[in-house]
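# A look at the structure
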Amino acid sequence: MSDCVFCKIVARQIPATVVHEDEHTLAFMDIGQVNPGHVLVAVKKHADNVFALDDAQAAAVFRAAARVSRAIRDAFSPQGLSIYQANGSVAGQTVFHFHLHLLPRHEGDGMELTWPVKNPAREKLLEYAEKIKAKLG
Ligand code: AMP
Ligand code: ZN
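Computed from a prediction, not measured in an experiment: that's the story for all the values here. (Residues numbered from 1 in each chain as written. Chains lettered and ligands numbered in written order. Predicted model: local features only at pLDDT ≥ 70, side-chain atom pairs only at ≥ 80, totals over all residues. Heavy atoms only, no water.)

## Examining the coordination of the zinc ion (ligand 2)
- Note on the zinc ion (ligand 2): its protein donors are Cys-4 (SG), Cys-7 (SG), His-46 (ND1) and His-97 (ND1). The metal-donor distances range over 2.0 to 2.3 Å.
- If you look at the zinc ion (ligand 2), its 4 donor atoms make angles of 103 to 118° with each other, and the shape they trace is tetrahedral.
- In the primary structure, the donors to the zinc ion (ligand 2) are separated according to the pattern C-x2-C-x38-H-x50-H. In this pair, Cys-7 is assigned in helix H1 (residues 5-10) and His-97 in the loop between strand S4 (80-84) and strand S5 (99-105), connecting sequence segments 90 residues apart. The same class applies to Cys-7 as to His-97, namely buried. (Donors = N, O, S within 2.8 Å, 3.2 Å for Na, K, Ca; no water. Tetrahedral: all angles 85-135°; square planar, octahedral: opposite > 155°, others 65-115°. Helix = DSSP H or I, 4+ residues; strand = E, 2+ residues; numbered from the N terminus. Buried < 20%, exposed > 50% of the residue type's maximum accessible area, 1.4 Å probe, protein only.)

Structural data, given as structure tokens:
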């Protein structure tokens, strides 16, 4: 995609601070650095979001994420690490080329995610599960 910023990073048309690269993924420092050591793992071949990943990309992304997460842990000794990934602007996605965030976490770092649980009855869970299973085939 010619106007995609992450495609341009993958093609080395614009600079990025790369930490890891393999056949399917490129991991580089997020320019915003919510906390020091904040890395993005992006697919090399353009995919808008999680729905567009093929199996090889999906597998490679999490393999790279786990590997880079261990390096972030060893390098920055965070108290925790959040993996964050957004699909669609309503979900908070701002760059429409699949990537996930590896975000080292510290007590009181100001990172927040509200989690408005509904705790539905078990029948509802079964109903929702059946809808998903019908589409998994
Ligand atoms: P998201 O909201 O998940 O789509 O996050 C997009 C992320 O990409 C943000 O955290 C930005 O700071 C980051 N970002 C945008 N442009 C660049 C860039 N040129 N190099 C590195 N990170 C970038
Ligand atoms: Zn792209």
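## Let's talk about the packing of aromatic side chains
- What the rule picks out here adds up to 1 aromatic pair.
- Between Phe-6 and Phe-28, the aromatic rings sit 5.2 Å apart at their centres with planes inclined by 85°, giving edge-to-face as the arrangement. Of this pair, Phe-6 sits in helix H1 while Phe-28 sits in strand S2 (residues 25-29), and the two are 22 residues apart along the sequence. In terms of burial, Phe-6 and Phe-28 fall into one category: buried. (Phe/Tyr/Trp six-rings, centres within 6.5 Å; stacked < 30°, edge-to-face > 60°.)

## What to know about the site of ligand 1
- In the region of ligand 1, 15 residues are neighbours, and Asp-30, Gly-92, Thr-94, His-99 and His-101 sit closest.
- Here an oxygen atom of ligand 1 sits 3.0 Å away from a polar atom, N or O, in the main chain of Val-95.
- Its free accessible area being 510 Å², ligand 1 has 80% of it covered by the protein chains.
- Of the pockets mapped on this structure, ligand 1 occupies the largest pocket.
- Mapped by element, the contributors of at least two residues to the shell around ligand 1 are H1, S2 and S5.
- A total of 3 residues in the shell around ligand 1 trace back to one element, the largest contributor, which is H1.
- Residues belonging to the shell around ligand 1 are distributed by class as follows: 8 nonpolar, 6 polar and 1 charged. (Near = heavy atom within 4 Å. Polar contact = N/O pair within 3.5 Å; in protein donor to acceptor, adjacent residues only side chain to side chain. Areas by Shrake-Rupley, 256 points an atom, 1.4 Å probe, with all protein chains shown as cover. 1 Å grid on protein atoms, 1.4 Å probe; cavity = no way out; pocket = protein on both sides within 12 Å on 5 of 7 lines; lining within 4 Å. Sits in = over half its atoms within 2 Å of the grid points. Nonpolar A, V, L, I, M, F, W, Y, C, P; charged D, E, K, R; others polar.)

## Looking at the pairing of strand S3 (residues 39-43)
- Of all 5 residues that make up S3, 5 are buried, and the element is covered over most of its length.
- Side chains Val-39, Val-41 and Val-43 of S3 all project onto a buried face; the interleaved residues Leu-40 and Ala-42 project onto the opposite face, where all are buried too.
- Pairing between S2 and S3: 5 bridges, direction antiparallel. From the neighbouring strand, Met-29 faces S3, where its bridge partner is Val-39.
- As paired strands, S3 and S5 are joined by 4 bridges and run antiparallel to one another. Looking at S5, one finds that Ala-42 is bridged to His-99. (Pairing = 2+ DSSP bridges.)

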